[in-house]
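What follows is each chain in one-letter form.
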Amino acid sequence: MKNNIEKVYGKLPKKKVGLKKHKIELGIVQDIIQIFSEAQEQFSTAGSLEDRALGEYENSLQTLLRAEELINEAYSQAQDLGVEMPSDTQRLFERVNNFIGFAQDKLNK
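About the thresholds
- Residues numbered from 1 in each chain as written.
- Predicted model: local features only at pLDDT ≥ 70, side-chain atom pairs only at ≥ 80, totals over all residues.
- Heavy atoms only, no water.
- Helix = DSSP H or I, 4+ residues; strand = E, 2+ residues; numbered from the N terminus.
- Areas by Shrake-Rupley, 256 points an atom, 1.4 Å probe, with all protein chains shown as cover.
- Phe/Tyr/Trp six-rings, centres within 6.5 Å; stacked < 30°, edge-to-face > 60°.
- Buried < 20%, exposed > 50% of the residue type's maximum accessible area, 1.4 Å probe, protein only.
- Core = buried A, V, L, I, M, F, W, Y, C linked by side-chain atoms within 4.5 Å.
- Contact = heavy atoms within 4.5 Å.
- Salt bridge = Lys/Arg side-chain N within 4 Å of Asp/Glu carboxyl O.
- Expected span 1.5 Å × (residues − 1).
- Arc of directions from axis to C-beta.

Visitor: If you had to explain the overall build of the protein to someone new, which residues and values would you point to?
Guide: Counting secondary structure elements, the protein contains three helices and zero strands. From first element to last, N terminus to C terminus, the protein shows the α and β order α-α-α. Accessible surface for the protein amounts to roughly 10,000 Å². Of this, 57% is attributable to carbon and sulfur atoms.

Visitor: Any chance you could break down the packing of aromatic side chains for me, citing the residues and the numbers?
Guide: Taken as a whole and judged by the stated rule, the model has two aromatic pairs. Aromatic pair Y57 and F102: ring centres 6.2 Å apart, planes at 75 degrees, arrangement edge-to-face. Of this pair, Y57 sits in helix α2 (residues 19–81) while F102 is found in helix α3 (residues 87–107), placing the two residues 45 residues apart along the sequence. Exposure remark for F102: the relative accessible area of 44% places this residue in the partly exposed category. Between the aromatic rings of Y75 and F93, the centroid separation amounts to 5.4 Å while the plane-to-plane angle is 70 degrees, which identifies the pairing as edge-to-face. With Y75 in helix α2 and F93 in helix α3, the pair connects residues that are 18 residues apart, well separated along the chain. The buried category is assigned to F93, whose relative accessible area is 10%.

Visitor: Outline the nonpolar core, supporting the account with residue identities and numerical values.
Guide: By size, the foremost hydrophobic cluster in this structure holds nine residues: L61, L64, I71, A78, M85, F93, V96, I100 and A103. Looking at this core, the elements that each hand over two or more residues are α2 and α3. Discounting chain neighbours no more than four positions away, the residues touching A103 are Y57 and L61.

Visitor: Let's hear about the pattern of salt bridges: which residues, and what values?
Guide: Applying the stated criterion across every chain, the model contains one salt bridge. Taking the shortest distance from any N to any O, the salt bridge between D88 and R91 comes out at 2.2 Å. With D88 and R91 both in helix α3 and three residues apart, this pair spans about one turn of that helix. For D88, a relative accessible area of 53% corresponds to the exposed category. Exposure remark for R91: the relative accessible area of 46% places this residue in the partly exposed category.

Visitor: How would you sum up α3? Please name residues and give values.
Guide: Look at α3: 30 Å from first C-alpha to last across 21 residues, which is about the 30 Å you get at 1.5 Å a residue. Listing the buried residues of α3 in full gives F93, V96, I100 and A103. End-on, the buried residues of α3 take up no more than an arc of 80 degrees, which puts them together on one face. Along α3, the residues that are exposed and aim more than 90 degrees away from the buried face are D88, R95 and N98.

Here is the structure:
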């Protein structure tokens, strides 16, 4: 009987199996899974924040476009009255127009 057991053991590879190495590889895979899970969560959060930001840009643009309508009306009334728009007011109107362009650029990306 011992001879059969010795024969079987004799046929097994004499090579050592590095179980520690396999354990380390499993640990790395678990770390990757955890990091990937965190990255997915962060990506999802960023996407949600981006959606909210785009919504705010859209709301801002709509508000600015209402202001632009009033600006056009103010220029029309000034022209009808034959008066020149004060420079401070013109600068304010330019700022509104700049913000409109900025909001449109953000929404068109």
